[in-house]
Amino acid sequence: MTSAVVPDHPWLLPGALAVPTEGGRSHPRRTTRDWIVDSLCFLVSLFWVLVVTLDSAAPNPEFATRPPYDWMIVADGLVGLVCCVLLWYRRRWPLGVAVATLPFTAFSMTGSVPLLIIFFTVIVHRRTAVALALTAAGLATNFLFAYLRPDPGMPYWVATVWGVVISGMVLAWGMFVRARRQLVVSLRERAERAEAEQQLRVAQARQLERTRIAREMHDVLAHRISLLSLHAGALEFRPDAPPDEVARAAAVIRGSAHAALQDLREVIGVLRAETAIEADPERPQPTLADLPALIEESRAAGVKVNASHGVAEAHTVPAAVGRSAYRIAQEGLTNARKHAPGAVVTVGVAGGPGAGLSVDIRNRWPVGGATDVGIPGTGTGLVGIAERVTLAGGRLEYGRDETGDFRLAAWLPWPA
């Protein structure tokens, strides 16, 4: 979630742009600018009402003809005052106030200025169709106004044309202000959307990184724990073993447990971290050069491993390809210890630049079917390996082959 973009000086902007609508409010609060503008509009309109009322009461009016009855002057002044008061409500109900005061535009001279302000507010805050309809209604009353309140120094058709010109100018100005505000709102929404998308991309990148680290730790922990379980099982079934063998097995158990706890501490620290992914708490990742050490570690645990290494220019293997090959071999050895204890495991790695890198792990199928030595697991090791190989653009096959052996084979692209 992103917060709304707050301007540096919101009091200088209209309420529709500076203050977001809160809760169930249908209109924004007035800003300092709105209060200043509304106050000026009220004072100017009130001044106009006083000037026109006094002019109409004079023997020779300058703005219009003197009404035949004095009560008409008072009534027109009261209408002007009502329009001035309604200016304070035009922001909340612009169309309602405009429709309610539309009949006044046909005869009221004192209300002409506040009525123009109300008309301008409708154009700014309502869609174009509503503004054009109100303009058409105002032009109709304009013809009636020029007839009921003729200007002594101006012919009827000239006064009518001036009314149309003034209405058109107010309409154009209001549409310009509305278009500009819509542009500001659209730019703000675009900025907020871009910020939200950026935060989403960061969150996705963080989640993908954590998922990748968790997958790496799954492979590592499965390997460590399988070694630990294998040696612990040997101690359990051979309590009469020589002291040197017991000490050696205990040392392996201690070392594997320590390494597993270290790996677990790292992955938990990464998954709990709230910082960005720039910090990299991982230890250096294994490569193809670490494969012999992995095989020797399995042999030390009592697994019979036959390894063949036919990689040309091994020093040029890309790091990502070598790491994937290491993880594939690690998963194959872990599965052999878990499901085929005592079986001979054959690990073969071959390939070269342009031809790709092939990893092949085989073990004899246990007599009576696959067994489970009690080593816990999630059952997702091969699924993770398949995903890793697919993302690398390679191929993966696993299962029993035509000879009955279990085979895990992968091919990884190695650019020339």
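Presented here is an overview of the structure given in this document. (Residues numbered from 1 in each chain as written. Predicted model: local features only at pLDDT ≥ 70, side-chain atom pairs only at ≥ 80, totals over all residues. Heavy atoms only, no water.)

Focus on the overall build of the protein chain
Turning to step 1, where the next piece is worked out: Regarding its fold elements, the protein chain presents 11 helices and 5 strands.
Turning to step 2, where the next piece is worked out: Scored against the burial criterion, the 416 residues of the protein chain give a buried share of 36%.
Turning to step 3, where the next piece is worked out: In the structure as shown, the protein chain presents an accessible area of about 23,500 Å², 65% of it carried by carbon and sulfur atoms. (Helix = DSSP H or I, 4+ residues; strand = E, 2+ residues; numbered from the N terminus. Buried < 20%, exposed > 50% of the residue type's maximum accessible area, 1.4 Å probe, protein only. Areas by Shrake-Rupley, 256 points an atom, 1.4 Å probe, with all protein chains shown as cover.)

Some details on the packing of aromatic side chains
Turning to step 1, where the next piece is worked out: Within the structure shown, the criterion is met by 6 aromatic pairs.
Turning to step 2, where the next piece is worked out: Arranged with centres 4.7 Å apart and planes meeting at 40°, the rings of Phe120 and Trp173 form a pair that is tilted. Placement of Phe120 in helix α5 (residues 112–125) and of Trp173 in helix α7 (residues 156–237) is noted, with a sequence separation of 53 residues between them.
Turning to step 3, where the next piece is worked out: Counting every residue linked through ring pairs, the aromatic cluster contains Trp35, Phe42 and Trp88.
Turning to step 4, where the next piece is worked out: Its end group placed over the ring of Trp35, Arg30 keeps NZ or CZ at 5.1 Å from the ring centre.
Turning to step 5, where the next piece is worked out: One Lys or Arg, Arg400, reaches over the ring of Trp365 and ends 4.4 Å from the middle of that ring. (Phe/Tyr/Trp six-rings, centres within 6.5 Å; stacked < 30°, edge-to-face > 60°. Lys NZ or Arg CZ within 6 Å of the ring centre and 35° of its normal.)

Structural notes on the sheet that holds strand β3 (residues 356–363)
Turning to step 1, where the next piece is worked out: Strands sit in the order β1-β2-β3-β5-β4 across an open sheet of 5 strands; the sheet is mixed. Each end of this open sheet is capped by a strand with a single partner; those strands are β1 (305–311) and β4 (395–400). Each neighbouring strand pair of the sheet contributes to a mean axis angle of 5°, computed without reference to strand direction.
Turning to step 2, where the next piece is worked out: Sheet topology note: the β3/strand β5 (residues 406–412) ladder contains 7 bridges and is antiparallel. Looking at β5, one finds that Arg362 is bridged to Arg407.
Turning to step 3, where the next piece is worked out: Packed onto the sheet, helix α10 (residues 319–339) meets β1, β2 (345–352), β3 and β5 and runs at close to 5° relative to β3.
Turning to step 4, where the next piece is worked out: Contacting β4 and β5, helix α11 (residues 381–391) runs over the sheet at an angle of about 150° to β4. (Pairing = 2+ DSSP bridges. Axes fitted to C-alpha atoms, helices over the stretch in contact; angles between N-to-C directions. Contact = heavy atoms within 4.5 Å.)

Looking at the pattern of salt bridges
Turning to step 1, where the next piece is worked out: In this structure the tally under the stated criterion is 12 salt bridges.
Turning to step 2, where the next piece is worked out: With a closest N to O distance of 3.1 Å, Arg149 and Asp76 form a salt bridge. Note that Arg149 is positioned in the loop between α6 (128–148) and α7 and Asp76 in helix α3 (residues 70–86), a separation of 73 residues in sequence. Comparing Arg149 with Asp76 shows no difference in burial state: the two are buried.
Turning to step 3, where the next piece is worked out: When salt bridges that share partners are traced, they join Arg30, Arg33, Asp34, Asp38, Arg90 and Arg91 into one network. (Salt bridge = Lys/Arg side-chain N within 4 Å of Asp/Glu carboxyl O.)

Regarding the state of the cysteines
Turning to step 1, where the next piece is worked out: Here the structure, examined in full by the defined rule, presents 0 disulfides.
Turning to step 2, where the next piece is worked out: With no disulfide of its own, Cys84 lies closest to Cys83 among cysteine sulfurs, the gap being 7.1 Å.
Turning to step 3, where the next piece is worked out: On the accessibility criterion, Cys84 (1% relative accessible area) is buried. (Disulfide = S-S within 2.5 Å.)

Notes on the nonpolar core
Turning to step 1, where the next piece is worked out: Grouped together as the largest cluster of nonpolar side chains are 29 residues, with contacts concentrated most on Leu288, Ile328 and Leu357.
Turning to step 2, where the next piece is worked out: Residue assignment for this core shows that the elements contributing at least two residues are α9 (291–300), β1, α10, β2, β3, α11 and β5.
Turning to step 3, where the next piece is worked out: No other element matches the 7 residues that α10 contributes to this core.
Turning to step 4, where the next piece is worked out: Listed in part, the 17 residues of the second largest apolar core include Ala98, Ile117, Ile118 and Val177. (Core = buried A, V, L, I, M, F, W, Y, C linked by side-chain atoms within 4.5 Å.)

Here we look at the pairing of β1
Turning to step 1, where the next piece is worked out: Note that β1 and β2 share 7 bridges and pair parallel. Along β2, the bridge assignment pairs His309 with Val349.
Turning to step 2, where the next piece is worked out: As for the winding sense of the linkage, the β-α-β connection from β1 through α10 to β2 is left-handed. (Right-handed = clockwise from strand over helix to strand, strands pointing away.)

Topic: the pairing of β4
Turning to step 1, where the next piece is worked out: Counting buried residues in β4 gives 0 out of 6 residues, a small share hidden from the surface.
Turning to step 2, where the next piece is worked out: By the bridge criterion, 6 bridges tie β4 to β5 in an arrangement that is antiparallel. Residue pairing for β5: Arg400 is matched across the bridge by Phe406.
Turning to step 3, where the next piece is worked out: The turn linking β4 back onto β5 is made up of 5 residues, and Gly404 within it adopts a positive phi angle of 95°.

With respect to the packing of α10 against α11
Turning to step 1, where the next piece is worked out: One can describe the packing of α10 onto α11 by two numbers: an axis separation of 10 Å at closest approach and a directional angle of 160°. With respect to α11, the element α10 is oriented roughly antiparallel. Crossing hand, α10 versus α11: left-handed. Of the residues in α11, those in contact with Ser324, Arg327, Ile328, Glu331 and Asn335 of α10 are Gly381, Leu382, Ile385, Arg388 and Val389.
Turning to step 2, where the next piece is worked out: A per-class count over the contact of α10 with α11 returns 4 nonpolar, 3 polar and 3 charged. (Parallel < 35°, antiparallel > 145°, perpendicular 65-115°, else oblique. Left-handed = near helix turned anticlockwise from the far one by under 90°. Nonpolar A, V, L, I, M, F, W, Y, C, P; charged D, E, K, R; others polar.)

Some points on the packing of helix α2 (residues 32–57) against α5
Turning to step 1, where the next piece is worked out: In contact at an axis separation of 8 Å, α2 and α5 are set at 150° when each is read in the N-to-C sense. The pairing of α2 with α5 is recorded here as roughly antiparallel in orientation. Residues Cys41, Ser45 and Trp48 of α2 pack against Ser112, Val113, Pro114 and Ile117 of α5.

Notes on α5
For an α-helix the count is 3.6 residues per turn, leaving residues at separations of three or four pointing the same way.
Turning to step 1, where the next piece is worked out: If you check α5, its first and last C-alpha atoms are 20 Å apart, about what 14 residues at 1.5 Å a residue would give, namely 20 Å.
Turning to step 2, where the next piece is worked out: The buried count for α5 comes to 10 of 14 residues, which makes it a mostly enclosed element.
Turning to step 3, where the next piece is worked out: Those residues of α5 that sit buried are Pro114, Leu115, Ile117, Ile118, Phe119, Phe120, Thr121, Val122, Ile123 and Val124. (Expected span 1.5 Å × (residues − 1).)

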